[in-house]
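Tertiary structure, described
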Amino acid sequence: SMDMHFAQGYYFGRPTPNPKRELPPELFAKRQPREKIHSGVPRSDSLVGSLLTQLTPVRTYHDVNQVGERFQNAVKLAALPVLHENDTIAGMVWRDEFMTLYASRYGRDLHGRKPIHLFMDNRPIIAETTLQLKSLSQQITSQEPSHQHSVFIISEQGFYRGVGSLMDLLRQITDLQLTIARHANPLSGLPGNVPLNEHIQQSIREKRHATVCYFDLDNFKPYNDTYGYNKGDKVI
């Protein structure tokens, strides 16, 4: 099935005038399902959970006046998550939009006793704690500019955990990119010894099946000596 028509070595069969045309199934190890393994190990600071900030939410049944008091008492509060009674996420109230309504001439009188779920954004960005920061960044940048906000909700198995900020996300991604660049091979762009060792140690700790392939270019110095280091770098 891998389109390999020939196999060599005593493991497959000893020399004989009539070679075997089929290999015994027991020669092949039974492995766990293959996973696509990315270079490096997902560290805790590369996941959304590292951005978590605690913020007391409001409930769908809280009225507009209660939410207005929260915003007035915390001038730097950009948004408030809204939860159902079972702690699942209902939506988000954005300060700018809410205060435009609440501080209008008759806003408080007309809407003050209405439940806040009538005025929330029911489609905010929600990210699981185990989501990769890169995936969250792609999710945010794929939104329409008018829907992009500086705060997103962080959940765990569908339940509310807290919030994260766009600035913290950008800062964390920048730090990770600098770390990757520092440990990458400058010629090939492949991960260097540090991320490779981290990944191997992770596989050992998790007792996960892994296949390691090591490739080396033997006697490469004569090539550089003959054709020059510039061409040698291109080959690598």
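Rules used in this analysis
Residues numbered from 1 in each chain as written. Predicted model: local features only at pLDDT ≥ 70, side-chain atom pairs only at ≥ 80, totals over all residues. Heavy atoms only, no water. Helix = DSSP H or I, 4+ residues; strand = E, 2+ residues; numbered from the N terminus. Rg over C-alpha atoms; globule rule 2.2 N^0.38 Å. Buried < 20%, exposed > 50% of the residue type's maximum accessible area, 1.4 Å probe, protein only. Pairing = 2+ DSSP bridges. Axes fitted to C-alpha atoms, helices over the stretch in contact; angles between N-to-C directions. Contact = heavy atoms within 4.5 Å. Core = buried A, V, L, I, M, F, W, Y, C linked by side-chain atoms within 4.5 Å. Parallel < 35°, antiparallel > 145°, perpendicular 65-115°, else oblique. Left-handed = near helix turned anticlockwise from the far one by under 90°. Nonpolar A, V, L, I, M, F, W, Y, C, P; charged D, E, K, R; others polar. Salt bridge = Lys/Arg side-chain N within 4 Å of Asp/Glu carboxyl O.

Some remarks on the overall build of the protein chain
Secondary structure assignment for the protein chain yields eight helices and six strands. Whereas a compact globule of 236 residues would reach a radius of gyration of roughly 18 Å, the protein chain reaches 28 Å, over 25% beyond that. The C-alpha extent of the protein chain, read off along each of the three principal axes, is 95 × 50 × 30 Å. Taking all 236 residues of the protein chain together, the buried fraction comes to 28%.

Considering the sheet that holds strand E5 (residues 151–156)
One open sheet holds the three strands; their spatial order is E4-E5-E6, and the pairing between them is mixed. The sheet is open, and its two edges are formed by strand E4 (126–128) and strand E6 (159–165), each paired on a single side. Neighbour-to-neighbour, the strand axes of this sheet turn through a mean angle of 35 degrees, independent of strand direction. Bridge analysis of E5 against E6 gives six bridges, and the strand direction is antiparallel.

What about the environment of Ser203?
If you trace the backbone, Ser203 turns up in helix H6 (residues 193–205). Take Ser203: its relative accessible area is 8%, and that puts it in the buried class. Not counting chain neighbours up to four residues away, the residues in contact with Ser203 comprise Arg208 and Ala210.

Some words on the nonpolar core
Of all hydrophobic cores here, the largest spans 23 residues; its most connected members are Val67, Phe71, Val82, Val93, Phe98, Ile116 and Tyr160. Elements represented by at least two residues in this core include exactly helix H1 (64–73), strand E2 (79–83), strand E3 (89–94), helix H2 (95–102), E5 and E6. Per element, the largest residue contribution to this core is five residues, and it comes from E3. Ignoring sequence-local partners within four residues, the contact set of Val93 consists of Val67, Phe71, Ala78, Ala79, Leu80, Val82, Phe98, Ile116 and Met120. One finds Leu51, Ala127, Leu133 and Ile154 within the second-largest nonpolar core, a separate group that totals 12 residues.

Points about the packing of H1 against H2
One way to put it is that H1 packs onto H2 with a least axis distance of 11 Å and a crossing angle of 120 degrees. By the angle between their directions, the pair H1 and H2 is classed as oblique. The way H1 lies across H2 gives a crossing that is left-handed. Two secondary-structure elements touch here, H1 through Val64, Asn65, Val67, Gly68, Phe71 and Gln72 and H2 through Arg95, Phe98, Met99 and Tyr102. In terms of residue class, the contact of H1 with H2 is built from six nonpolar, three polar and one charged.

Observations concerning the pattern of salt bridges
Under the definition given, this model contains five salt bridges. Asp87 is the salt-bridge partner of Arg59, the closest N and O atoms lying 2.8 Å from each other. Here Arg59, found in strand E1 (residues 58–59), pairs with Asp87, found in the loop between E2 and E3; they are 28 residues apart in sequence, far enough to count as distant.

Some details on the sheet that holds E3
Reading across from one edge, E1-E2-E3 is the order of the three strands in this open sheet, with mixed pairing throughout. The two strands at the open ends of the sheet, each matched to only one other strand, are E1 and E3. Pairing analysis gives five bridges linking E2 to E3, with the strands arranged antiparallel. By the bridge assignment, Pro81 is partnered in E3 with Met92. Seen against the sheet, H1 touches E1, E2 and E3 and runs at an angle of roughly 145 degrees to E2. With respect to the sheet, H2 is in contact with E2 and E3, its orientation differing from that of E3 by roughly 65 degrees.

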